[in-house]
Amino acid sequence: KLGKDISIPLIGVYNKFDDIDFYKLPKDYIMKTNHGSHTNIIVRNGNLNKNLAKLKFDEWLSKDWSWWGYEMFYKPISRKIIIEKFMSDGNIALTDYKFLCFNGKPIYCQAMTDRGTNHMALNYYDMNWNPCKEISHCDLPANYNKINTKPKTFEQMKEYATILSKDFKFVRVDFYEIESKVYFGELTFVPAASYIKYKNPNTDFEFGKLLVL
């Protein structure tokens, strides 16, 4: 729908770990499965413990994620290992722009910075990039001392989120901004398997009002 240039460059797709020819890979890349969560390894300068990585991917590929969070749409996925180009926007980790789209319309954007560190910040914004301080997670408290700068491509992200979400009642559409260019992250139909708890109990009701079934 958006063209191939929107995707993170793909290096290879494999059925199992033993199919990977590591001699043909660049020094920096990302390895992950296509059917799970937190099933990834970041490789820099070719530093990879292959024996340990094989144990992890063998375990990850054997796991049925449809039962972990009762998200049954994971069940029919043909499980693969994907290797993508390592991408950086100059931060500790890529800043994630996650658009919460209801009935084909982006309403809120989560901006997640420094993911996977003790300094991770998760902030909510409306579609005019006004911070929504009333929305925050109990388990991921928003760090409003680190308000994110509005991405240069924010309007383009909104347009893309609208296109990608138009066929769904709800979906979260994720993007990255790298060197003033938008890259697609993923579509998420049940963020955090619906286990997110908000500090303000009214948030669930407000989100529910936006969902028209």
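Please refer to the structure higher up on the page.
K.L.:
Can you tell me about helix H3 (residues 154-165), naming the residues and giving the values?
P.N.:
Under the 1.5 Å per step criterion, the end-to-end length of H3 is 16 Å for 12 residues, consistent within 8% with the ideal 16 Å. The set of residues buried in H3 consists of Phe-154, Met-157, Lys-158, Tyr-160, Ala-161, Leu-164 and Ser-165. The buried residues of H3 occupy an angular sector of 165 degrees when projected down its axis, which confines them to one face. Residues of H3 that are buried sit in contact with strand S5 (96-102), strand S6 (105-113), strand S8 (170-178) and strand S9 (181-188).

K.L.:
Requested: an account of the side chain of Lys-158, with residues and values cited.
P.N.:
Topologically, Lys-158 is positioned in helix H3. In contact with Lys-158, not counting residues within four places along its chain, are Phe-99, Pro-106 and Met-127.

K.L.:
Can you break down unusual backbone geometry residue by residue, with the values?
P.N.:
Located in the positive-phi region is Ser-180, a residue other than glycine, with phi close to 60 degrees. Within the secondary structure, Ser-180 is located in the loop between S8 and S9. Within the chain, Ala-192 stands out as a residue other than glycine whose phi angle is a positive 55 degrees. With respect to the helices, strands and loops of the structure, Ala-192 is situated in the loop between S9 and helix H4 (202-210).

K.L.:
Run through the sheet that holds S5, naming residues and quoting values.
P.N.:
Strand order in the open sheet made by the five strands is S7-S6-S5-S8-S9, with antiparallel pairing throughout. Strand pairing shows two members of the sheet lacking a second neighbour, strand S7 (121-125) and S9, which therefore form its edges. On average, each strand axis in the sheet is inclined to that of its neighbour by 25 degrees, with strand direction left out of account. Bridge count for S8 against S9 is six bridges, and the pairing is antiparallel. Of the residues in S9, the one forming a bridge with Glu-177 is Val-182. Sitting on the sheet, H3 is in contact with S5, S6, S8 and S9, with an inclination near 145 degrees to S8.

What counts, and at which threshold
- Going along each chain's sequence as written, the residues are numbered from 1 onward.
- With pLDDT at 70 or above as the cut-off, local features in this predicted model cover only qualifying residues; side-chain atom pairs require 80 or more to be listed or tallied, and sums for whole chains, interfaces and linings still use all residues.
- Side-chain metrics rest on all non-hydrogen atoms present in the structure, leaving aside hydrogens and water.
- Each helix is a run of DSSP H or I of at least 4 residues and each strand a run of E of at least 2, with the numbering of both proceeding from the N terminus.
- To estimate the expected span of a helix, subtract one from its residue number and multiply by 1.5 Å.
- Whether a residue is buried, partly exposed or exposed follows from its accessible area with a 1.4 Å probe, protein chains only, as a fraction of its type maximum: under 20%, in between, or over 50%, in that order.
- The directions from the helix axis to the C-beta atoms form the arc being described.
- Here, residues are in contact when the closest pair of their heavy atoms is within 4.5 Å.
- Strands were regarded as paired on the criterion that DSSP finds at least two bridges between them.
- To obtain each axis, a line is fitted to C-alpha atoms, and for helices this fit is confined to the stretch in contact; angles are then taken between N-to-C directions over 0 to 180 degrees.

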